[in-house]
Number of protein chains: 2
Amino acid sequence: MTFPTLSDIRAAHARIQPFVHRTPVLTSSAINEIAGCELFFKCENFQKVGAFKARGAANAVLKLSPEQKAKGVATHSSGNHAAALARAASVAGIPAYIVMPSNAPEIKKKAVSGYGGEIVECEPTLKARESTLEDVVEKTGATFIPPFDYLDVIEGQATCALELLEEQPNLDIVMAPVGGGGLLAGTALTVHYLNPSIQVIAGEPSGADDAFRSMQAGAILPNEKTQTIADGLLTSVGKLPFAVIQQHVEAILLATDPQIVEAMRLLYERMKLVVEPSGAVPLAALMANKERFAGKRVGIILSGGNVDLGKLPF
Amino acid sequence: MTFPTLSDIRAAHARIQPFVHRTPVLTSSAINEIAGCELFFKCENFQKVGAFKARGAANAVLKLSPEQKAKGVATHSSGNHAAALARAASVAGIPAYIVMPSNAPEIKKKAVSGYGGEIVECEPTLKARESTLEDVVEKTGATFIPPFDYLDVIEGQATCALELLEEQPNLDIVMAPVGGGGLLAGTALTVHYLNPSIQVIAGEPSGADDAFRSMQAGAILPNEKTQTIADGLLTSVGKLPFAVIQQHVEAILLATDPQIVEAMRLLYERMKLVVEPSGAVPLAALMANKERFAGKRVGIILSGGNVDLGKLPF
């Protein structure tokens, strides 16, 4: 197995550029003062579909052969990857079949159908999702694009750190959240290629701490149960991302839900940014470990901003 | 009386540049589709102190003579101008005396004292505010910096449109909210100098519609009572701003509170931006008059983002 090289990642960036935002990097002297270090926030909450997932999905779709494109793409997801894949397919003018549990929130279904994705409902179990997806793929010949355990997706997510380091090359640390690990692995690859002296550190909710435990054990230990407000990070880390994370990630730091909410509040109040709980996890993990970051220049990827405004935790 | 020239405004921009953010201009294809035109949002919600007011206050403070600086500045305000003046004074290392009504919200007092401003409390009436301010000025020799009816403040606010048009010169229309009129007048001057074919249109809450009525009457007709969620726009338009507005503003369009809340929701949900109700008024006014803007390229100044997260209207 070969992981994307720097030139692969640069090619991915050129490939997806017409279809995604180059998101700004914002700073806040108020938060710097509170955190005791200098922070550079890469605002993927402003990304198309409201999350970095637009990058990986676009890259995966654009790399398909004409034959594959003709038959479309498929996935099972009720989160940002579903909307991102539906949008990427729509931009490419090909069908997207999205398997979603029958109890998925209306707003998530609307996002997918708004981009022209075809929703295939199934029972709300992982088994039903996988078997329904198999049926769809068999019937349509569509290519399955998994949310993170897939090289072209990791390659796409890696383009985010490319932009961050282009704008701020002199960082000591880059942080990203970890759920399935696609963003973290892509980030770690890019940072490793561009400047291996920059540490990559992940933030993970303590209520879904599989990546933290897996790093310590040296083997994937999936979550058995999860309980966290960071609903984008419930999934366990994938095999491909974990291989990269083991090699190139310095540490995984945990944050509790109250710490995540406090970090969200800082981002809303001080930076006027709408972020989803998962997007605030790295800042929360940093604030819970201030001494480690004291005086450093830290890039933080704010992964997404898709939050139900009626259910903000403050 | 001489209004700031283009070279005055450029000089102000150079003067304040080290002390304020150059805020980004963001776009949203989703909102463009809903609005039926192409929108460019100048994000002054990301500005220092969370509002464009940082520009005018910085400019006014930096233009003081050394003798004036030694005695400090004073104002009466319980809003963004109070915090902006306290911060500008703190950056310049001079005292700021801020007269605030005794019933001003704790959070606004904290913002002022957090920047080192000295709060002078008074009874919550306009008369008490004015007489307390006179006392402070007499006792300290501080220079009174009014929030909008003051040429150096208007000149500072004018730098916002300078940045917007530098980034997006080919606009058909530029929109700003109108309360006291400092931002609107500054915007109108800059746009007039750089490209008089661009129309300047204001958004105003229908529950505080003095500028709208004043434009029609050709004379200032202050608000007798106000009722709107846009708490930054309750004040009546000032004499100096009104003189500019009469000459260089094409129209003032009204928005109701439900329209303002709907525009806020669009900015939060689609653009992941925290804006205060006043900042959403121009978009609300545009959405209430879509036909007027159909197919146009419109720059919109999002004036601020200081909102109580516990009291969001959704």
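Residues numbered from 1 in each chain as written. Chains lettered and ligands numbered in written order. Predicted model: local features only at pLDDT ≥ 70, side-chain atom pairs only at ≥ 80, totals over all residues. Heavy atoms only, no water.

Caption draft 1: How the structure looks around the nonpolar core. Counting 81 residues, the largest nonpolar core has Leu39 and Tyr268 of chain A together with Leu39 and Tyr268 of chain B as its most contacted members. Here this core takes 8 residues from helix α12 (residues 257–271) of chain A, the largest share from any one element. In contact with leucine 39 of chain A, other than residues within four places in its own chain, are Leu26, Thr27, Ile31, Asn32, Leu283, Leu286, Val298 and Ile300 of chain A. (Core = buried A, V, L, I, M, F, W, Y, C linked by side-chain atoms within 4.5 Å. Buried < 20%, exposed > 50% of the residue type's maximum accessible area, 1.4 Å probe, protein only. Helix = DSSP H or I, 4+ residues; strand = E, 2+ residues; numbered from the N terminus. Contact = heavy atoms within 4.5 Å.)

Caption draft 2: Here's a closer look at the pattern of salt bridges. All names here are of chain B. Applying the stated rule across the entire model yields 24 salt bridges over all chains. The partner of arginine 22 in a salt bridge is glutamate 166, and the shortest N-O contact between them spans 3.2 Å. With arginine 22 in the loop between α1 (6–16) and β1 (25–26) and glutamate 166 in helix α8 (residues 151–167), this residue pair connects regions lying 144 residues apart in the sequence. Accessibility expressed as a relative area gives 40% for arginine 22, which makes it partly exposed. (Salt bridge = Lys/Arg side-chain N within 4 Å of Asp/Glu carboxyl O.)

Caption draft 3: Spotlight on the interface of chain A and chain B. Contact with chain A, which involves 22 residues of that partner, is made by 22 residues of chain B. Interface of chain A and chain B: buried area, both sides summed, is about 1,600 Å²; carbon and sulfur atoms make up 67% of it. Taken together, the links from chain A to chain B amount to 0 salt bridges. It is α12 of chain A that provides the largest number of residues to the side of chain A that touches chain B, a total of 4 residues. (Buried area = accessible area lost by both parts, 1.4 Å probe.)

Caption draft 4: Molecular detail of the UniProt feature "domain: Tryptophan synthase beta chain-like PALP" (unreviewed entry) in chain A. Per the UniProt record, "domain: Tryptophan synthase beta chain-like PALP" (unreviewed entry) is found at residues 17–304 of chain A. Here residues 17–304 of chain A runs as 48% helix and 17% strand, with 18 Å between its end C-alpha atoms. (UniProt positions renumbered as here; feature names shortened; annotations may be inferred.)

Caption draft 5: A look at the state of the cysteines. Under the counting rule described, the total for this entry stands at 0 disulfides over all chains. In this structure cysteine 160 of chain B is a free cysteine whose sulfur lies 9.9 Å from that of cysteine 43 of chain B, the closest cysteine sulfur available. (Disulfide = S-S within 2.5 Å.)

Caption draft 6: Summary view of the side chain of asparagine 45 of chain A. Among the structural elements, asparagine 45 of chain A can be located in the loop between β2 (38–43) and α3 (53–62). Side-chain polar atoms of asparagine 45 of chain A contact the backbone oxygen of valine 274 of chain A, separated by 3.0 Å. Leaving out residues up to four positions away in the same chain, asparagine 45 of chain A has contacts with Gly50, Leu273, Val274, Val275, Leu302, Ser303, Gly304 and Gly305 of chain A together with Lys272 of chain B. (Polar contact = N/O pair within 3.5 Å; in protein donor to acceptor, adjacent residues only side chain to side chain.)

Caption draft 7: Expanded view of the pairing of strand β9 (residues 251–255) of chain B. All names here are of chain B. Most of β9 is tucked away: 4 of the 5 residues are buried. Inspection of the sheet shows strand β8 (residues 199–205) paired to β9 by 5 bridges, in the parallel sense. Counterpart to glutamate 204 in the pairing with β9 is leucine 254. (Pairing = 2+ DSSP bridges.)

Caption draft 8: Focus on the sheet that holds β8 of chain B. Residues and elements named next belong to chain B. The strand order across the open sheet formed by 6 strands is β1-β2-β10-β7-β8-β9, and the pairing between neighbours is mixed. If you trace the sheet from one side to the other, it starts and ends with β1 and β9, each paired once. Sheet contacts for helix α13 (residues 277–287): β2 (38–43), β7 (173–177), β8, β9 and β10 (297–302); angle to β10, the most-contacted strand, approximately 155°. (Axes fitted to C-alpha atoms, helices over the stretch in contact; angles between N-to-C directions.)

Caption draft 9: Spatial organisation of the packing of helix α1 (residues 6–16) of chain A against α3 of chain A. Residue and element names in this part refer to chain A. Packing of α1 against α3 leaves a shortest axis separation of 9 Å and a crossing angle of 90°. Taken together, α1 and α3 sit at an angle that is classed as roughly perpendicular. Contact residues: Ala12, Arg15 and Ile16 in α1; Arg55, Ala58, Asn59 and Leu62 in α3. Of the residues belonging to the contact of α1 with α3, the class tally is 4 nonpolar, 1 polar and 2 charged. (Parallel < 35°, antiparallel > 145°, perpendicular 65-115°, else oblique. Nonpolar A, V, L, I, M, F, W, Y, C, P; charged D, E, K, R; others polar.)

Caption draft 10: Representation of the pairing of β7 of chain B. Residues and elements named next belong to chain B. Within β7, 5 of the 5 residues are buried, leaving the element largely enclosed by the surrounding structure. The two faces of β7 match: Ile173, Met175 and Pro177 on one face and Val174 and Ala176 on the other face are all buried. The handedness of the β7 to β8 crossover, carried by helix α9 (residues 182–194), is right-handed. (Right-handed = clockwise from strand over helix to strand, strands pointing away.)

Caption draft 11: Structural view of the sheet that holds strand β10 (residues 297–302) of chain A. Residues and elements named next belong to chain A. Read from one edge to the other, the open sheet built from 6 strands follows the order β1-β2-β10-β7-β8-β9, with strand pairing classed as mixed. Both outer strands of the open sheet, β1 (25–26) and β9 (251–255), are each paired with one neighbouring strand and no more. Examined bridge by bridge, β2 and β10 share 6 bridges and lie parallel to one another. When the bridges of β10 are listed, leucine 39 appears paired with valine 298. Against the sheet, helix α8 (residues 151–167) engages β1, β2, β7 (173–177) and β10, with an angle of about 135° to β2.

Caption draft 12: Inspection of helix α12 (residues 257–271) of chain B at higher detail. Residue and element names in this part refer to chain B. Over its 15 residues, α12 extends 20 Å from the first C-alpha to the last, a length consistent with the 21 Å expected when each residue adds 1.5 Å. Within the sequence span of α12, burial applies to Ile260, Ala263, Met264, Leu266, Leu267, Tyr268 and Met271. Two residues or fewer past α12, lysine 272 is found with a positive phi of approximately 60°. (Expected span 1.5 Å × (residues − 1).)

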